[in-house]
Amino acid sequence: MAPSPAAPLQIEAVPVLDDNYVFLLSRGSEAVLVDPAVAPPLIERLEQRQLQLVAVLQTHHHHDHIGGTPELQRRWPRCRVVAAAADRSRIPFQTDPVADGDRLSLLGEPITVLAVPGHTRAHVAYHLPNSGDLFVGDTMFVAGCGRLFEGTPEQLWQALQRLTALPPDTRIWCAHEYSAANLRWAVEQVPAADPLRVALDQRLQQVEQLRRQGQPSVPSTVAAERATNLFVRSSSPAALAELRRHKDHWRG
Ligand code: ZN
Ligand code: FE
């Protein structure tokens, strides 16, 4: 059965490993996975729901994002694997190399590729403008951002600005559940009298409540991150670098 544009696009966050999320997108009988860290729980879920895996989207080459892909390709040999052309050597099983600005269509949804280097030098994000969904990998988290492993503070700062220039109601799907720790750190950086502190405290309470209920704290939104993400709100690459250094050494 071909995916019908009338059927709603469904997205769910599947928790795997310690704190990773794999995103399962489906419409009709077809599915797409974003950053499958592992294969077995996803194969099981797709088979239970009789979904055909048509594509994997990879944001970057770290093992906790690509680890399950080869096994998924063996189970669904026609599955496409979309990844940065610049990471061909580190994601050798890619079938559809992409670069900044490329457009593709999966599950009847147009998808735009955004180059967002910083965490790694070839990191990409995937934006679904029609549904208003954005898959950011490890570039940004709820109230946080990825560590600067390969890129410069300038690159990461630009990447965060670019992602949060998208429409305010865009849903941001981050690849790790780091929200509560990020918010506890952020609260310590802001004086109690600052109105931003009230917003951070509220956000931390919301996140803790979701986690107590066993719910993921993702997706976030562009509006929420513009309001409470200190990295997004940093005024310059140098300010972002300073925050990143501080957070790298913070032990909550
Ligand atoms: Zn990573
Ligand atoms: Fe990761």
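Residues numbered from 1 in each chain as written. Chains lettered and ligands numbered in written order. Predicted model: local features only at pLDDT ≥ 70, side-chain atom pairs only at ≥ 80, totals over all residues. Heavy atoms only, no water.

Draft legend 1. The sheet that holds strand β1 (residues 10-16), seen in detail. Taken in spatial order, the six strands line up as β1-β2-β3-β4-β5-β6 in an open sheet, and their pairing is mixed. Of all the strands in the sheet, the pair left with one neighbour each is β1 and β6 (96-98). For this sheet, the mean inter-axis angle between neighbouring strands, taken without regard to orientation, is 20°. Relative to β1, helix α1 (residues 40-48) is tilted by about 145°, and along the sheet it contacts β1, β2 (20-27), β3 (30-34) and β4 (52-57). (Pairing = 2+ DSSP bridges. Helix = DSSP H or I, 4+ residues; strand = E, 2+ residues; numbered from the N terminus. Axes fitted to C-alpha atoms, helices over the stretch in contact; angles between N-to-C directions. Contact = heavy atoms within 4.5 Å.)

Draft legend 2. Focus on the packing of helix α4 (residues 153-163) against helix α9 (residues 237-248). Close contact between α4 and α9 brings their axes to 8 Å; oriented N to C, the two are set at 100°. Classified by the angle their axes make, α4 and α9 are roughly perpendicular. Contacts from Pro153, Glu154, Leu156, Trp157 and Leu160 in α4 reach Pro237, Leu240 and Ala241 in α9. Its residues assigned to classes, the contact of α4 with α9 comprises seven nonpolar, no polar and one charged. (Parallel < 35°, antiparallel > 145°, perpendicular 65-115°, else oblique. Nonpolar A, V, L, I, M, F, W, Y, C, P; charged D, E, K, R; others polar.)

Draft legend 3. Focus on the sheet that holds strand β10 (residues 133-137). A sheet is described by the order of its strands in space; here six strands give the open sequence β7-β8-β9-β10-β13-β14, paired in mixed fashion. The outermost strands of the open sheet, each flanked by one partner alone, are β7 (103-106) and β14 (220-221). The strands that α4 touches are β8 (109-115), β9 (124-128) and β10; relative to β8, the one it contacts most, it runs at about 155°.

Draft legend 4. Looking closely at the nonpolar core. Core analysis: the biggest nonpolar cluster contains 60 residues, and Phe23, Leu25, Leu57 and Tyr126 have the highest contact counts within it. Beyond its immediate chain neighbours, meaning those up to four positions away, tyrosine 126 contacts Leu57, Gln58, Thr59, Val82, Ala83, Val98, Ile111, Thr112, Val113, Asp133, Leu134 and Phe135. (Core = buried A, V, L, I, M, F, W, Y, C linked by side-chain atoms within 4.5 Å. Buried < 20%, exposed > 50% of the residue type's maximum accessible area, 1.4 Å probe, protein only.)

Draft legend 5. Highlighting the coordination of the zinc ion (ligand 1). Protein-derived coordination of the zinc ion (ligand 1) comes from His60 (NE2), His62 (ND1), His119 (NE2) and Asp138 (OD), at a distance range of 2.2 to 2.3 Å. One way to put it: the four donor atoms around the zinc ion (ligand 1) meet at angles of 88 to 173°, and that makes the site irregular. The distance between the zinc ion (ligand 1) and the iron ion (ligand 2) comes to 3.2 Å, and aspartate 138 binds to both of them. The same class applies to histidine 60 as to histidine 62, namely buried. (Donors = N, O, S within 2.8 Å, 3.2 Å for Na, K, Ca; no water. Tetrahedral: all angles 85-135°; square planar, octahedral: opposite > 155°, others 65-115°.)

Draft legend 6. Region of interest: the packing of aromatic side chains. This structure, assessed with the given rule, holds six aromatic pairs. With a centroid separation of 5.6 Å and an interplanar angle of 50°, the aromatic rings of phenylalanine 23 and phenylalanine 135 are classed as tilted. Here the residue phenylalanine 23 occupies a position in strand β2, and phenylalanine 135 occupies one in strand β10, the gap between them amounting to 112 residues. Take phenylalanine 23: its relative accessible area is 2%, and that puts it in the buried class. Taken together, Tyr21, Phe23, Phe135 and Trp173 form an aromatic cluster joined through their ring pairs. Seen from the ring of tryptophan 76, arginine 75 lies directly overhead, with NZ or CZ sitting 4.3 Å from the centre. (Phe/Tyr/Trp six-rings, centres within 6.5 Å; stacked < 30°, edge-to-face > 60°. Lys NZ or Arg CZ within 6 Å of the ring centre and 35° of its normal.)

Draft legend 7. Representation of the coordination of the iron ion (ligand 2) in the model. Protein coordination at the iron ion (ligand 2): the donors are Asp64 (OD), His65 (NE2), Asp138 (OD) and His176 (NE2), at 2.1 to 2.3 Å from the metal. One can describe the site at the iron ion (ligand 2) as irregular: its four donor atoms subtend angles covering 82 to 171° at the metal. Linear spacing of the donor residues for the iron ion (ligand 2) on their chain is D-H-x72-D-x37-H.

Draft legend 8. Geometry of α4. Every buried residue belonging to α4 is among Leu156, Trp157, Ala159, Leu160 and Leu163, and all of these are buried. All buried residues of α4 project into a common sector of 160° when viewed along the axis, lining one side. (Arc of directions from axis to C-beta.)

Draft legend 9. Structural context of the pattern of salt bridges. On inspection of all chains with the given rule, the structure shows 16 salt bridges. The partner of aspartate 201 in a salt bridge is arginine 197, with the nearest N and O atoms 3.5 Å apart. With a gap of four residues between them, aspartate 201 and arginine 197 both fall in helix α6 (residues 195-212), about one helical turn apart. The class for aspartate 201 is partly exposed, based on a relative accessible area of 29%. Three or more residues joined by partner-sharing salt bridges are found here, namely Glu12, Arg45 and Arg49. (Salt bridge = Lys/Arg side-chain N within 4 Å of Asp/Glu carboxyl O.)

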